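Here is what each chain is made of, one letter per residue.
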Amino acid sequence: MLSLRSIRYRCCRQVSGSVVAIAVVVCVCVYYLSSRGASRSNPLKDANFLELRSCPACYGRGLCSLFQSGHFEFTGVSRYRTLHRFNIKNVHYARMTRERQAVDVVLKKLGHNTELKAADEKICKMAQMNSCNPGRVLFGRIFRDSDPILTPENTKGLSDLVSCPSERLMKRIVDSFPEKQGDVLLRSERLIIYTTLLVNPEPILLQVFPQEEGWPFPRYIGACGRWTVTENAGESLNKYYNAPWQKRVDLAYQIFRIADLFTNNNQGWGLYFTDVNYDNYAVAVDGTVSIIDAENIIVVDLRDIKREKPQGWDEPLISNFDQCSKYGDCLSFDTSALCSHVRTDFNYYAVCRDLLSSYASDGIHPKGFLHDLPDEIEQKYKLTNMLDECAKPTVDSVNGRLNIKDEILETLKKISKLHRPPNQ
């Protein structure tokens, strides 16, 4: 008769042996598929791979000459076409060579294959067709030659960017379009913008709020067919969860500054980031934080609200604390309310609730991004207490976040200046 101890040992040995066997099989399969799938020719030169036939139901044509002349090449695992089927987000890494300079870039199709298919089907349904060529349908059946297309009425609700579009926002979208050939957009150019707003507005948002003007997004380079190109903004914030606490405080300071910029800026825009999580932030080599997935940002024209003065427009819009059973990434919000108030604590709440406070705890990131700060730092600055108060106000449930946000900013700034990360 086997003892309990021997049974446990044998089971563990059998399980570990099975794990090793499975790992070997997986490695062999990946190697086999990769070696067979490595592209001998550059797919980024192929018009079919770029889906040029979909235009003007595409993201642009400005970079097509560079793509088709071989100035873009996949890097890393993206070089293996066979592995593309496992990349459900359709986000790839590549290198752009131009004027003897090489730049690391990110190529995106702006959605899962199912999402892209759903967008095409939506275009077909707009034309009252079960199936169609979206580009031809947009050009010939949905909009007539005289239709302005890019108006607040035509674009409202296509995506978060245009949840409540104003004339000023639409003008900025048109003026910032990099492929515009004259003072007036061609009809095909207007349809490209419309399609991008419908599928995923991220590239348009990166054009409207460019890095060059101080906005925390990667530099937008352009598009060809159904591929967009941005500069590689660095590694995911995920990789910094266990970084030295000094480094995490510096990154947290930048994240909170972004929330403040989105809420208070001299251009009269409110940008409300509704998908705050580790994967949507990146850290560059120089330590700069940026937002790399900007699909779910609601843009509100605060000047338009002040002019229209909807009911309650000048009263602060306060976010209610969301209790999550297992995960920290749960935010509720009212889009119509965000679109009708000039003051809100939403951005501060979002980063405190889902990233920085102890409430931002899930199975992968227990105790939030600023976990395990030294006791002497906690005693001196009371940072965790302030961030928890930001996530779930107890002192002042109405204006708590708006009252404490400046203190949090100053405290993060002070700590990051006085306590530099190792080797800096």
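Structure: above.
Because the structure is predicted, anything quoted here is derived from the model rather than measured. Counting restarts for each chain, with residues numbered from 1 along the sequence as it is written. In keeping with the predicted nature of the model, local features appear solely for residues at pLDDT of at least 70, side-chain atom pairs appear and are counted solely at 80 or more, and the whole-chain, interface and lining totals rest on all residues. The basis for the side-chain values is all heavy atoms of the structure; hydrogens and waters are excluded.

Chemist: Just to check I follow, could you spell out the overall build of the chain for this structure?
Modeler: Assigned secondary structure in the chain consists of 16 helices and 10 strands. When the 424 residues of the chain are sorted by exposure, 52% land in the buried category. In the chain, once contacts between residues fewer than 6 apart in sequence are set aside, the share between residues at least 24 apart is 70%. Using a 1.4 Å probe, accessible areas were evaluated by the Shrake-Rupley method; residue-level cover was limited to the displayed protein chains. Carbon together with sulfur atoms contributes 50% to the accessible area of the chain, which is approximately 22100 Å² in total. In this text, helices come from DSSP runs of H or I with a minimum length of four residues, and strands from runs of E with a minimum of two, each type numbered from the N-terminal end. A 1.4 Å probe rolled over the protein chains alone gives each residue an accessible area, and that area as a share of the maximum for its type sets the label: buried under 20%, exposed over 50%, partly exposed in between. Residue contacts are counted whenever heavy atoms from the two residues lie within 4.5 Å of one another.

Chemist: Any chance you could explain helix α5 (residues 134-142) here in plain terms?
Modeler: For an α-helix, 3.6 residues make a turn, and residues three or four places apart therefore share a direction. Here α5 has its buried residues at Pro134, Gly135, Val137, Leu138 and Ile142. Lining the buried residues of α5 we find α4 (113-126) and α8 (187-199). The term polar contact refers here to a pair of N or O atoms within 3.5 Å; inside protein, the definition further demands a hydrogen-donor-capable atom paired with an acceptor-capable atom, and it admits residues adjacent in sequence only when both atoms are side-chain atoms. Between the side-chain oxygen of the N-cap and the backbone nitrogen of Gly135 there are 3.0 Å, and the N-cap of α5 in question is Asn133.

Chemist: Any chance you could explain the sheet that holds strand β9 (residues 289-291) here in plain terms?
Modeler: Sheet strands line up and pair through hydrogen bonds in the backbone, either parallel or antiparallel. When DSSP locates at least two bridges between a pair of strands, those strands are taken to pair. Strand order in this open sheet of three strands is β6-β8-β9, and the pairing throughout is antiparallel. If you trace the sheet from one side to the other, it starts and ends with β6 (235-236) and β9, each paired once. Relative to β9, strand β8 (residues 281-283) is paired through three bridges, and the arrangement is antiparallel. Across the sheet, residue Tyr281 finds its bridge partner in β9, namely Ile291. Angular values range over 0 to 180 degrees, each being the angle between N-to-C directions of two axes fitted as lines to C-alpha atoms, with helices fitted over their stretch in contact. Those strands touched by helix α10 (residues 245-263) are β8 and β9, and its axis lies near 45° from that of β9.

Chemist: Even after reading the chapter, I still don't get the pairing of strand β7 (residues 269-273), so can you show me in this structure?
Modeler: Each regular strand displays side chains that alternate between the two surfaces of the sheet. Most of β7 is tucked away, with five of its five residues classed as buried. Side chains Trp269, Leu271 and Phe273 project from β7 onto one buried face, and the interleaved Gly270 and Tyr272 project onto a second face that is buried too.

Chemist: I would appreciate a short explanation of the packing of α4 against α5 in the present structure.
Modeler: It is the contact of α4 with α5, at a shortest axis distance of 10 Å, that shows an interaxial angle of 25°. When the axis of α4 is compared with that of α5, the two are roughly parallel. Every pair of crossing elements has a handedness; the one defined by α4 and α5 is left-handed. Seen from α4, the contacting residues are Asp120, Ile123 and Met126; seen from α5, they are Pro134, Val137, Leu138 and Ile142. By residue class, the composition of the contact of α4 with α5 is six nonpolar, no polar and one charged. Angles are sorted into four bins: roughly parallel if under 35 degrees, roughly antiparallel if over 145, roughly perpendicular if 65 to 115, and oblique for all others. Helix crossings are classified by the rotation of the near helix relative to the far one: an anticlockwise turn of less than a right angle makes the crossing left-handed, while a clockwise turn makes it right-handed. Polar here means any residue other than Ala, Val, Leu, Ile, Met, Phe, Trp, Tyr, Cys and Pro, which are nonpolar, and Asp, Glu, Lys and Arg, which are charged; Gly is therefore polar.

Chemist: In this structure, what is going on with unusual backbone geometry? I would like to understand it.
Modeler: A negative phi holds for most residues other than glycine; trans holds for most peptide bonds. In this structure, Pro56 follows Cys55 across a cis peptide bond, with omega equal to 10°. Here Pro56 lies in the loop between α2 (47-50) and α3 (64-68). Of note, the phi angle at Glu99 is positive, near 50°, even though the residue is not glycine. With respect to the helices, strands and loops of the structure, Glu99 is situated in the loop between β2 (91-98) and β3 (101-108).

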